[in-house]
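Residue strings, one per chain:
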Amino acid sequence: MTAECILRADQHAAVFGVAGWSGSGKTTLVEQIVSHLVEIGVDVATVKHAHHHFDADTPGKDSYRHRQAGARQVLVSSTQRSALFTEHLENVEPDLPQLLRQFAPTDLILVEGFKKYPIKKIEIYRPSLGKPRLYPEDNLVTAVASDEVLYDCPLPVLNLSEIAEIADFIIAQTKSMQAC
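Basis of the calculations
Here the residue index of a chain counts from 1 through its sequence in written order. Two thresholds apply to this predicted model, a pLDDT of at least 70 for residue-level local features and 80 or more for giving and counting side-chain atom pairs, whereas whole-chain, interface and lining totals are computed over all residues. With hydrogens and water excluded, all non-hydrogen atoms of the structure serve as input to the side-chain values. A cavity here means a set of points on a 1 Å grid, drawn over the protein atoms and nothing else, where a 1.4 Å probe fits but cannot get out; a pocket is an open set with protein on both sides within 12 Å along at least five of seven lines, and a residue lines either one if it has an atom within 4 Å of a point. Grid points are joined across faces, edges and corners, and a volume is the space filled by probe spheres set on the points. Put simply, Ala, Val, Leu, Ile, Met, Phe, Trp, Tyr, Cys and Pro go in the nonpolar bin, Asp, Glu, Lys and Arg in the charged bin, and everything else, Gly too, in the polar bin. The term nonpolar core refers to a set of buried residues drawn from Ala, Val, Leu, Ile, Met, Phe, Trp, Tyr and Cys, joined through side-chain atoms within 4.5 Å. Three labels apply to residues, based on accessible area from a 1.4 Å probe with only protein chains included: buried if under 20% of the type maximum, exposed if over 50%, partly exposed otherwise in between. Where helices and strands are cited, they refer to DSSP runs of H or I of at least four residues and of E of at least two residues respectively, numbered from the N terminus. By the convention used here, residues are in contact when the closest approach between their heavy atoms is within 4.5 Å. Note on definitions: angles span 0 to 180 degrees between N-to-C directions of axes, and those axes are lines fitted to C-alpha atoms, for helices only across the stretch in contact. In these notes the angle categories are as follows: under 35 degrees is roughly parallel, over 145 is roughly antiparallel, 65 to 115 is roughly perpendicular, and the rest is oblique. Stacked, tilted and edge-to-face pairs are distinguished by plane angle, under 30 degrees for stacked and over 60 for edge-to-face with tilted covering the rest, among Phe, Tyr and Trp rings (Trp via its six-membered ring) whose centres lie within 6.5 Å. Cation placement over rings: the criterion is NZ of Lys or CZ of Arg within 6 Å of the ring centroid and within 35° of the ring normal. As used here, the arc belongs to the directions running from the helix axis to the C-beta atoms. By definition here, a helix of n residues has an expected span of 1.5 Å times n minus one.

**Student:** For this particular structure, what's the right way to read empty space enclosed by the protein?
**Tutor:** In this approach, a probe sized like a water molecule rolls over the atoms, and the result shows the empty space that is left. All chains considered together, the criterion is met by one cavity of 30 Å³ or more. Of the pockets and cavities examined, the largest cavity occupies roughly 30 Å³. In terms of lining, the largest cavity is formed by Trp21, Ser24, Ile124, Tyr125, Arg126, Leu129 and Lys131. Residues of the lining of the largest cavity, tallied by class, amount to four nonpolar, one polar and two charged.

**Student:** Can you walk me through the nonpolar core in this structure?
**Tutor:** One recurring pattern in soluble globular proteins is that nonpolar side chains are buried together. Counting 22 residues, the largest nonpolar core has Leu29, Ile33, Leu108, Leu110, Ile122, Ile166 and Ile170 as its most contacted members. Those elements that provide at least two residues to this core are strand E1 (12-20), helix H2 (26-39), strand E5 (106-112), strand E6 (121-125), strand E7 (141-146) and helix H5 (163-174). Among the elements that make up this core, the one with the highest residue count is H5 (five residues). Val15, Ala45, Val47 and Leu100 belong to the second-largest nonpolar core, a separate cluster that totals 10 residues.

**Student:** Whenever I open this one, the environment of Ile163 confuses me. Can you help?
**Tutor:** Note on placement: Ile163 falls in helix H5. Note on Ile163: relative accessible area 16%, which makes it buried. If near-sequence neighbours (up to four positions away) are discounted, Ile163 is found in contact with Leu29, Gln32, Ile33 and His36.

**Student:** How should I be thinking about the side chain of Glu123 in this particular structure?
**Tutor:** Along the chain, Glu123 turns up in strand E6. Glu123 has contacts with Ala19, Pro132, Arg133, Leu134, Tyr135, Val141, Ala143, Val144 and Ala145, leaving out every residue within four places of it along the chain.

**Student:** Which parts of the structure should I look at to understand the packing of H2 against H5?
**Tutor:** Helix packing geometry: the angle between the two helix axes and the distance between the axes. Axis separation between H2 and H5 bottoms out at 9 Å; the angle between their running directions is 75°. Relative to H5, H2 is oriented roughly perpendicular. In this structure, H2 contributes Leu29, Gln32, Ile33, His36 and Leu37 to the contact, and H5 contributes Ile163, Ala164, Ile166, Ala167, Ile170 and Ile171. Grouping the amino acids of the contact of H2 with H5 by side-chain chemistry returns nine nonpolar, two polar and no charged.

**Student:** Quick question: what am I supposed to make of the packing of aromatic side chains here?
**Tutor:** Both the distance between ring centres and the angle between the ring planes are used here to describe each pair of aromatic rings. Applying the stated criterion to the full structure yields one aromatic pair. Ring centres of Phe114 and Tyr117 lie 6.4 Å apart, and the angle between their planes is 90°; on these two criteria the pair is classed as edge-to-face. A residue is classified by how much of its surface remains accessible, and Tyr117, at 22% relative accessible area, is partly exposed. Here Lys115 stacks its cationic end above the ring of Trp21, 3.7 Å away from the centre of that ring. Positioned above the aromatic ring of Trp21 is the side chain of Lys131, whose terminal nitrogen or guanidinium carbon lies 5.5 Å from the ring centre.

**Student:** Honestly, helix H3 (residues 62-69) in this entry has me stumped. Any pointers?
**Tutor:** Every α-helix winds through 3.6 residues per turn, so residues three or four apart in the chain are directed the same way. Of all the residues in H3, the buried ones are Ser63, Tyr64 and Arg67. Projection of H3 onto a plane perpendicular to its axis shows the buried side chains occupying an angular sector of 100°, all on one side. Relative to its buried face, H3 has exposed residues pointing more than 90 degrees away, namely Asp62, Arg65, Gln68 and Ala69. Tucked inside the fold, the buried residues of H3 contact strand E3 (73-77) and strand E4 (82-86).

**Student:** Got a minute to help me understand the environment of Ile122 in this structure?
**Tutor:** When you line up the elements, Ile122 lands in strand E6. Residue class for Ile122 comes out buried when judged on its relative accessible area of 1%. Counting along the chain gives 103 residues from Ile122 to Ala19, while the straight-line C-alpha distance between them is 6.2 Å. Setting aside chain neighbours within four positions, we find Ile122 in contact with Phe16, Gly17, Val18, Ala19, Ala143, Ala145, Leu158, Ile166, Phe169 and Ile170.

**Student:** What exactly am I supposed to notice about H2 here?
**Tutor:** Between the first and last C-alpha of H2 there are 20 Å, a value that for 14 residues agrees with the 20 Å anticipated at 1.5 Å per step. Among the residues making up H2, those that are buried are Lys26, Leu29, Val30, Ile33, His36 and Leu37. Angular distribution of buried residues about the axis of H2 spans 130°; they occupy a single face of the element. Along H2, the residues that are exposed and aim more than 90 degrees away from the buried face are Glu31 and Glu39. The first or second residue beyond H2 is Gly41, which carries a positive phi of 95°.

So this is what it looks like as structure tokens:
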């Protein structure tokens with residue numbers, strides 16, 4: 001069984017990544033891809049890796065107060081949405097397969113960040129940032145999306161402003177995962 005099949009966790013059609021250095025535009029690109037995919041009927045979920053302490057809960061709200069009191073998990077639900085807050089004991093970050101198992105079945109999970117995790121991905125590369133390319137060290141980078149023409153790149157180079165083209169590329173890349 002391939003790494004892609006294992007990461008599917010047997011409930012998602014495909015898992016695909018968007019990786020790049022901080023400031024490269026990962027969140028903007030993922031937002032645009034998700035919007036396009038949903039428009040064409042794809043059920044999409046996302047996972048975003050954060051390198052820093054964050055809190056999506058609001059101080060003073062009941063869920064925040066439950067967490068402050070010591071609850072390790074707090075699930076907040078309404079007719080419109082649910083959110084599960086989980087405190088990681090001993091600051092051990094869960095790995096990607098553990099996170100994927102928390103999702104309801106979906107057609108595609110786009111993973112933002114987790115650039116060193118073994119999943120197929122598109123690299124966002126902006127030469128103006130002065131950072132090195134990821135693909136020479138990561139054979140799971142299947143294409144590079146850039147705001148400049150990259151004549152020396154052996155991989156497919158996608159224009160960052162061509163969202164439909166990038167989404168089509170992801171769909172084509174994930175078709176093999178659906179056969180697992």
